[in-house]
Amino acid sequence: MSALDIKNMVCSGMKEVFSTMLTMELMDAEAPGADLEKRRTRVVGSVSFAGKAMGCVNVHVPSGFAREIAAGMLGMDLQEIEGEDEVCDVIGEIGNMIGGYLKSRFCDSGLPCELSIPSVTIGTDFRLDATNWDIHESFSFRNSANSVMAEVFLKSINYK
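Conventions and cut-offs
- Residues numbered from 1 in each chain as written.
- Predicted model: local features only at pLDDT ≥ 70, side-chain atom pairs only at ≥ 80, totals over all residues.
- Heavy atoms only, no water.
- Axes fitted to C-alpha atoms, helices over the stretch in contact; angles between N-to-C directions.
- Helix = DSSP H or I, 4+ residues; strand = E, 2+ residues; numbered from the N terminus.
- Parallel < 35°, antiparallel > 145°, perpendicular 65-115°, else oblique.
- Left-handed = near helix turned anticlockwise from the far one by under 90°.
- Contact = heavy atoms within 4.5 Å.
- Nonpolar A, V, L, I, M, F, W, Y, C, P; charged D, E, K, R; others polar.
- Salt bridge = Lys/Arg side-chain N within 4 Å of Asp/Glu carboxyl O.
- Buried < 20%, exposed > 50% of the residue type's maximum accessible area, 1.4 Å probe, protein only.
- Pairing = 2+ DSSP bridges.
- Polar contact = N/O pair within 3.5 Å; in protein donor to acceptor, adjacent residues only side chain to side chain.

Caption draft 1: Quick peek at the packing of helix α1 (residues 6–22) against helix α3 (residues 84–108). Relative orientation of the contacting elements α1 and α3 amounts to 135°, with a least axis distance of 9 Å. As judged from the angle between their axes, α1 and α3 are oblique. At the point where α1 passes α3, the crossing takes the right-handed sense. When α1 is examined against α3, the residues I6, M9, V10, S12, G13, M14, E16, V17, F18, M21 and L22 are found in contact with a partner set consisting of I94, M97, I98, Y101, L102, R105 and F106. Of the residues belonging to the contact of α1 with α3, the class tally is 14 nonpolar, two polar and two charged.

Caption draft 2: Up close: the pattern of salt bridges. Within this structure, the stated rule accounts for one salt bridge. K15 is the partner of D28 in a salt bridge, and the nearest nitrogen-oxygen pair spans 2.9 Å. One end of the pair, D28, is in strand β1 (residues 27–29); the other, K15, is in helix α1, with 13 residues separating them in the sequence. Relative accessible area serves as the criterion here: at 29%, K15 is assigned to the partly exposed category.

Caption draft 3: Inspection of the pairing of strand β3 (residues 54–62) at higher detail. Of all nine residues making up β3, eight are buried, and the element is well covered by its neighbours. Examined bridge by bridge, strand β2 (residues 42–51) and β3 share eight bridges and lie antiparallel to one another. By the bridge assignment, G45 is partnered in β3 with V59. Taking the residues that link successive antiparallel strands as the turn, the β2-β3 hairpin has two residues. Where β3 meets strand β7 (residues 146–155), seven bridges bridge the pair, whose relative direction is antiparallel. Within β7, the residue paired with H60 across the bridge is M149.

Caption draft 4: Highlighting the side chain of N143. Relative to the elements of secondary structure, N143 occurs in strand β6 (residues 135–143). In terms of polar contacts, N143 uses its side chain to reach the backbone carbonyl oxygen of E25, at 2.9 Å. In this structure, N143 is in contact with M24, E25, L26 and F65, ignoring residues within four places of it in sequence.

Caption draft 5: The arrangement of the environment of M21 in detail. Considering the arrangement of structural elements, one finds M21 in helix α1. Sequence spacing of M21 and M97 is 76 residues, and the spatial spacing of their C-alpha atoms is 9.7 Å. Excluding residues within four positions of it along the chain, M21 makes contact with E16, M73 and M97.

Given below as structure tokens:
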């Protein structure tokens, strides 16, 4: 697992999904912006892997930007997004697409796996902590004034 270029896989997947599905360009960022700080409302889409590749990917988006993403993906005006349902569906699907991108790369590398259904968490003061993982990587991106972060947790397994 450590021989895989996780950074390139995640960064390429995030940029491809945002470009293809949302016509949004993501740029690499040094660290998450203030809009992803603990006390601000954010939406997180999560998907887990199970098989020879084991782990999860979490995509963190500030709530205001999550609404923009939902409107863009659903072909709606921002004002038409009335509740959290559309936002949760879209951010869950973004997590699923990133997970699918990674799953494909893992399978191509001889690490077949399956994906869980996506889950979504919304709130202001929470941590998604995964324990007992060998690899934990975080990658930050920006789209104009908005931050996005992807976290990957993986288990290194010795295969015979």
